[in-house]
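Tertiary structure, described
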Amino acid sequence: MIMSLRRHYNIVCSICVFLFLQLVNGQTITVLEEGTNMAIPGVALYNLKKSKTLVTDINGQVSLSSFNTNELIFFKDFLYEKRQLTKSEIIKNNAIVYLTLKVEGLNQIVISASKFEQNKRDIPQTIVSIDAKEIAFVNPQTSADLLENTGNIFIQKSQMGGGSPMIRGFSTNRLLITVDGVRMNNAIFRGGNLQNVISIDPFAVQHTEVTLGAGSVVYGSDAIGGVMSFYTKKPQLSYKDESFVSGSALTRFATANSEKTGHLDINLGFKKWAFLTSVSYTDFDDLRMGSYGPTDYLRTEYVVRQNNEDVIVANPNPQVQIPTGYDQINLMQKVRYEPSDDMHFDVGLYFSTTSDYPRYDRLLRPQGETLRSAEWNYGPQQWFMGNLQFTKLSSSSNLYDKLQTTLAYQNFKESRSDRNFQSVLRETRSENVDALSFNLDLEKRFNTKTTLFYGAEYLFNSVGSKGEEQNIETNIAIPNVTRYPDGATWQSIAAYTSLKYKPNPKFVFQTGLRYNQVIARADFTENNAFLNLPFNNAEVNTGALTGTAGITWSPSDLIQWKLNGSTAFRAPNIDDIGKVFDSEPGAVVVPNKDLKAEYAYGGELGLKLNFNDKVVLDLATYYTFLDNALIRRNFESNGETEILYDGELSTIQAIQNASKAWIYGFEVGVEVNLTKQLKLRSQYNIVGGSEDNEGIEVPIRHVAPNFGRTHLIWNTNKFRFDAFLVYNNELSFNQLAPSEISKDYLYASDENGNPFSPSWQTFNLRTQYQYNDKLSLTASLENITDQRYRPYSSGIAAAGRNLIIALKYIL
């Protein structure tokens with residue numbers, strides 16, 4: 001009897017085991033969207049070696065019979081976060097796999113804070129993100145315009161081919177730009193306004209992150225006021241048996257500057273290889289300003305060359321800023337090789353060049369009753385980058401979970417050409433910078449609470465500089481003083497580490513340290529034929545230790561606190577120690593070899609209030625002290641205070657560690673979700689500060705006026721509509737920096753005849769219509785009331801009423 005029962009028991013167990021194995025091996029699973037439970041067709045499934053690949057059907061279903069019980073299976077779809085599970089785990093979850101939409105989390109995941117993905121809620125600093133969907137809706141003409149649309153960044157423009165960001169009272173070489181993790185700042189990034197950001201093609205950008213405040217621990221020198229991180233689109237692999245082909249084409253026209261733009265990108269993906277090509281071309285005509293505003297901004301006359309003579313002629317339409325037009329081309333080629341899911345190689349080639357473009361603010365400079373310059377042009381601004389990135393994931397290494405190395409080469413070319421009114425001598429200076437960089441970045445997660453980030457960096461820049469004076473009548477050219485010492489070098493070596501400790505979901509502590517050694521060398525022997533400096537060589541060899549520490553505390557879903565303290569630095573570069581240029585009428589900057597790094601010490605406190613996702617209030621206040629500030633001041637050379645430069649007797653100036661600065665501010669953002677389709681969003685920024693000028697506190701040049709924007713946004717399935725206001729406060733005469741007062745020809749005049757920057761506001765409409773999955777139309781009507789205004793410190797008035805229409809087709 002007992003033997004019979006055992007035999008029946010064994011038979012039943014064998015049948016159960018057999019049925020279970022059949023269930024596991026032959027199980028059909030369903031892939032659903034988290035939150036909606038909608039089936040997801042076309043999801044790629046594959047193993048680690050990609051030797052087995054499957055795709056879900058129209059019902060989101062697929063059989064796992066080809067996978068082993070404990071085999072790791074990867075789920076990937078371009079619209080969803082990638083997920084990995086073993087086959088047995090899937091069966092235990094009732095044969096259902098949930099995927100999360102990327103769109104929901106895109107602005108919640110940031111990379112720039114540590115070079116690895118982190119939840120934005122865990123970062124104790126303020127980081128502003130803008131994704132590809134938002135970029136397509138904003139439809140910016142340049143990447144400078146893209147940054148301006150965040151609402152946290154003020155953009156200065158000396159000419160239409162310009163765009164110099166100001167963040168929390170800092171600008172130019174006190175801000176850092178990165179493209180796909182590669183530092184764009186080079187040895188000749190200057191303290192004057194920069195326009196290198198326009199070399200980045202907004203059509204190629206997948207998303208942008210802007211860190212407001214110091215970032216020197218991760219990025220080193222220059223990251224005092226903020227870090228602008230641009231991440232371009234990535235080639236997409238195919239996870240099906242056939243190749244994956246996608247792309248888009250766009251054409252755009254704008255009325256204010258007769259912009260004509262075309263863009264094309266194509267992606268070709270295979271199982272292990274993928275290729276992405278992007279091409280953009282833009283042609284801008286002269287920019288028309290608005291009709292209602294200060295008459296000081298009108299372009300009433302300009303210089304032309306007639307019968308070998310410079311002549312000032314009346315402008316038939318003073319609202320048209322002649323000359324401001326230029327054109328630009330951007331190319332990008334990317335290749336991705338993914339031999340396995342835990343390893344991939346990425347190659348990127350980037351090229352951008354403009355035509356010659358006029359420096360409009362210099363063409364406005366008066367000299368007596370006439371104009372000072374007959375010509376003032378930037379030559380083509382050219383940028384090339386090639387980078388190779390290797391990424392490796394590991395679950396068994398004691399040193400890292402993720403390793404990333406980046407090797408990059410960049411080449412920058414720029415030039416300047418100017419000629420005074422009725423002079424036959426044209427001064428031309430051209431620069432070339434070769435920049436090499438290597439970065440090693442690692443992430444190691446010790447447990448669920450503690451993660452370590454660390455890495456090393458090496459940078460090397462070589463500067464080439466030429467100068468000549470050409471007689472335009474005889475075409476005879478002779479050597480002239482160069483802008484920089486030809487052959488100068490700048491290099492940096494650094495190591496950093498940062499720690500993230502998250503003992504529970506409500507509290508996060510992050511801290512980090514970086515040590516940086518910077519060496520710069522310059523030889524002034526050639527330029528001393530013109531300058532007669534008391535030295536032939538200069539060398540800067542300086543080290544910097546910087547740190548940061550901050551906490552994020554979320555006691556409830558309603559409230560979140562952020563507190564962060566940091567130090568940052570900027571080491572002198574070749575522009576600081578070796579530049580020669582006319583900084584302002586009657587003044588020339590000469591080299592100074594006795595420079596040290598400047599340091600910033602700052603703190604930030606943030607508070608976020610979330611009332612059930614109906615009303616979200618985001619507040620932040622900050623303070624920064626800048627010590628040993630590198631600033632332009634009057635200077636003596638060989639006991640002389642004046643020098644003859646380009647035929648003009650000029651006051652000698654030089655960059656010096658001669659100042660201190662105190663900068664503070666308050667930012668407030670609010671989002672009100674009135675209905676599921678209708679929301680109100682607003683951002684306002686208050687910035688203040690002063691710097692020491694020989695014992696007297698004066699306003700800082702790069703502290704922007706208070707500014708903000710408010711949007712009312714309505715979304716439906718086919719339509720998206722945005723009515724928004726952009727507004728700036730006034731900066732009175734007493735609030736202008738001394739360097740700005742000296743450029744009174746760029747400003748409006750107050751009742752006392754003194755220069756000031758008036759307040760202004762514009763009303764704008766923007767809409768997007770999605771005709772079908774392939775075709776969309778975006779249209780904007782900007783500055784509807786046709787206001788005439790010039791943003792603070794800018795040399796060019798902003799566009800008047802401007803209709804922008806873009807048509808996009810997805811291949």
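Residues numbered from 1 in each chain as written. Predicted model: local features only at pLDDT ≥ 70, side-chain atom pairs only at ≥ 80, totals over all residues. Heavy atoms only, no water.

**Regarding the overall build of the protein**
Filter applied, for reference: By definition, any uninterrupted DSSP run of H or I lasting at least four residues is a helix, any uninterrupted run of E lasting at least two residues is a strand, and each is numbered from the N terminus. Note on method: radius of gyration uses C-alpha positions; expected globular size equals 2.2 Å times residues raised to 0.38. Burial classes follow relative accessibility: with a 1.4 Å probe on protein chains only, a residue under 20% of its type's maximum area counts as buried, one over 50% as exposed, and anything between as partly exposed.
Each helix and strand in the protein was counted, giving 10 helices and 54 strands. Computed over C-alpha atoms, the radius of gyration of the protein comes to 29 Å, within 12% of the 28 Å expected from 2.2 N^0.38 for 811 residues, which places it in the range of a compact globule. Once the C-alpha set of the protein is aligned to its principal axes, its extents read approximately 120 × 55 × 50 Å. Going through the 811 residues of the protein one by one, you find that 54% of them count as buried.

**Things to note about the pattern of salt bridges**
For clarity, the threshold we go by: Take a side-chain nitrogen of Lys or Arg and a carboxyl oxygen of Asp or Glu: if they are within 4 Å of each other, that pair is a salt bridge.
Tallied over the full model, the rule gives 41 salt bridges. In this structure, R183 engages D222 in a salt bridge whose closest nitrogen and oxygen atoms are separated by 3.2 Å. Note that R183 is positioned in strand β15 (residues 182-183) and D222 in the loop between α6 (216-219) and β17 (226-232), a separation of 39 residues in sequence. The exposure class of R183 is buried, given its relative accessible area of 9%.

**Remarks on the sheet that holds strand β12 (residues 164-167)**
Operational definition: Only strands joined by at least two bridges in the DSSP assignment are considered to pair.
The sheet built from 3 strands is open, its strands ordered β11-β12-β13 with antiparallel pairing. Two strands bound the open sheet, and with one partner strand each, they are β11 (154-156) and β13 (170-171). Sheet topology places β11 next to β12; 3 bridges connect them, and they run antiparallel. Bridge pairing in β12 places I155 opposite P165.

**A word on the environment of E431**
Here is the rule: In this analysis, two residues are considered to be in contact whenever any of their non-hydrogen atoms come within 4.5 Å of each other. Polar contact criterion, stated in full: a pair of N or O atoms within 3.5 Å, where within protein one must be able to donate a hydrogen and the other to accept it, and residues adjacent in sequence count only if both atoms are side-chain atoms.
Tracing the sequence through the fold places E431 in strand β33 (residues 425-445). Given a relative accessible area of 3%, E431 falls into the buried group. The spatial distance from the C-alpha of E431 to the C-alpha of S63 is 61 Å, given a sequence separation of 368 residues. Look past the residues within four positions of E431 in its chain and what remains in contact with it is I188, F412, K413, E414, R416, G464, S465, K466, R483 and Y484. Among the polar contacts listed, one links the side chain of E431 to the side chain of R416, at a separation of 3.2 Å.

**Some thoughts on the side chain of S776**
As for its placement among the helices and strands, S776 is situated in strand β53 (residues 775-782). When its relative accessible area of 9% is taken as the criterion, S776 is described as buried. Ignoring sequence-local partners within four residues, the contact set of S776 consists of Y769, Q770, Y771, A806, L807 and K808.

**Details of the sheet that holds strand β5 (residues 72-77)**
To keep it simple, the criterion reads: Here, axes are lines fitted to C-alpha atoms. For helices the fit covers the stretch in contact, and angles between N-to-C directions go from 0 to 180 degrees.
What the 4 strands build is an open sheet, ordered β3-β2-β5-β6; its pairing is antiparallel. The outermost strands of the open sheet, each flanked by one partner alone, are β3 (53-55) and β6 (80-86). When the angles between neighbouring strand axes are averaged without regard to direction, this sheet yields 20°. Relative to β6, β5 runs antiparallel, the two sharing 5 bridges. Bridge pairing in β6 places F75 opposite R83.

**Overview of empty space enclosed by the protein**
Under the convention used in this document: Cavity and pocket criteria rest on a 1 Å grid covering protein atoms alone: a 1.4 Å probe that fits but cannot get out defines a cavity, protein on both sides within 12 Å along at least 5 of 7 lines defines an open pocket, and an atom within 4 Å of a point defines a lining residue. Grid points are joined across faces, edges and corners, and a volume is the space filled by probe spheres set on the points. Only Asp, Glu, Lys and Arg are considered charged, only Ala, Val, Leu, Ile, Met, Phe, Trp, Tyr, Cys and Pro nonpolar, and every remaining residue, Gly among them, polar.
Per the stated rule, a full pass over the model turns up 14 cavities of 30 Å³ or more. In this structure, the largest cavity occupies an estimated 680 Å³ of space. Lining the largest cavity are 36 residues, and of these D145, E148, K157, E782 and Y789 sit closest to its centre. Counting residues per element, the ones that place at least two in the lining of the largest cavity are α5 (143-148), β49 (719-728), β52 (760-770) and β54 (802-810). Per-element tally for the lining of the largest cavity: the top contributor is β52, with 4 residues. Of the residues belonging to the lining of the largest cavity, the class tally is 18 nonpolar, 12 polar and 6 charged. The wall of the second largest cavity is formed by 28 residues, among which A113, Q125, V217, V218 and T548 lie closest to the centre. Within the residue set of the lining of the second largest cavity, elements represented by two or more residues are α6, β36 (489-504), β37 (507-523), β38 (537-553) and β39 (559-570). The residue makeup of the lining of the second largest cavity, split by class, is 11 nonpolar, 17 polar and no charged.

**Re the packing of aromatic side chains**
Let me state the cut-off plainly: Stacked, tilted and edge-to-face are the three classes assigned to paired rings of Phe, Tyr and Trp, where Trp is represented by its six-membered ring and a pair needs centres within 6.5 Å; plane angles under 30 degrees give stacked, over 60 edge-to-face, the rest tilted. Look at NZ for Lys and CZ for Arg. If either is within 6 Å of the ring centre and within 35 degrees of the ring normal, a charge sits over the ring.
Under the defined criterion, the tally for this structure stands at 21 aromatic pairs. Plain terms: the ring middles of F569 and Y599 are 6.5 Å apart, the flat faces sit at 35° to each other, and that makes the pair tilted. Of this pair, F569 sits in strand β39 while Y599 sits in strand β42 (residues 598-611), and the two are 30 residues apart along the sequence. Given the relative accessible area of 1%, F569 is considered buried. Considering the side-chain rings of F625 and W662, the 6.0 Å spacing of their centres and the 35° angle between planes classify their relative orientation as tilted. Of this pair, F625 sits in strand β43 (residues 615-634) while W662 sits in strand β45 (residues 648-673), placing them 37 residues apart in sequence. Using a relative accessible area of 24% as the deciding quantity, one classes W662 as partly exposed. An aromatic cluster of at least three residues, connected via ring pairs, comprises W273, F275, Y337, F345 and F390. The ring of F535 carries the charged tip of K593 above its face, separated from the ring centre by 5.8 Å.

**Focus on the pairing of β5**
The element β5 is extensively covered by neighbouring structure, given that 5 of its 6 residues are classed as buried. Here 3 bridges tie strand β2 (residues 44-46) to β5, and the two strands are oriented antiparallel to one another. Looking at the pairing, Y46 lines up with F74 of β5. Hairpin connection from β5 to β6: 2 residues lie between these consecutive antiparallel strands.

**What to know about the confidence of the model for the protein**
To be explicit about the condition: Note on scores: pLDDT gives the predictor's confidence for each residue, bounded by 0 and 100.
Here the protein averages 92 in pLDDT, and 95% of its residues register 70 or above. Segment residues 15-25 is flagged for pLDDT under 50; beyond a separation of four residues in sequence, or across chains, it makes 9 contacts in the model.

**Focus: unusual backbone geometry**
Looking along the chain, the bond that leaves I322 and enters P323 is cis, with omega of -10°. With respect to the secondary-structure elements, P323 resides in the loop between β24 (320-321) and β25 (326-340). The phi dihedral of N628 is positive, around 55°, even though this residue is not glycine. Tracing the chain through its elements places N628 in strand β43.

**Side note on the environment of L194**
With respect to the element layout, L194 can be found in the loop between β15 and β16 (205-212). In this structure the C-alpha to C-alpha distance between L194 and G162, which are 32 residues apart in sequence, comes to 7.4 Å. If we ignore the near neighbours within four places in the chain, the residues touching L194 are G163, S164, T172, N173 and F189.

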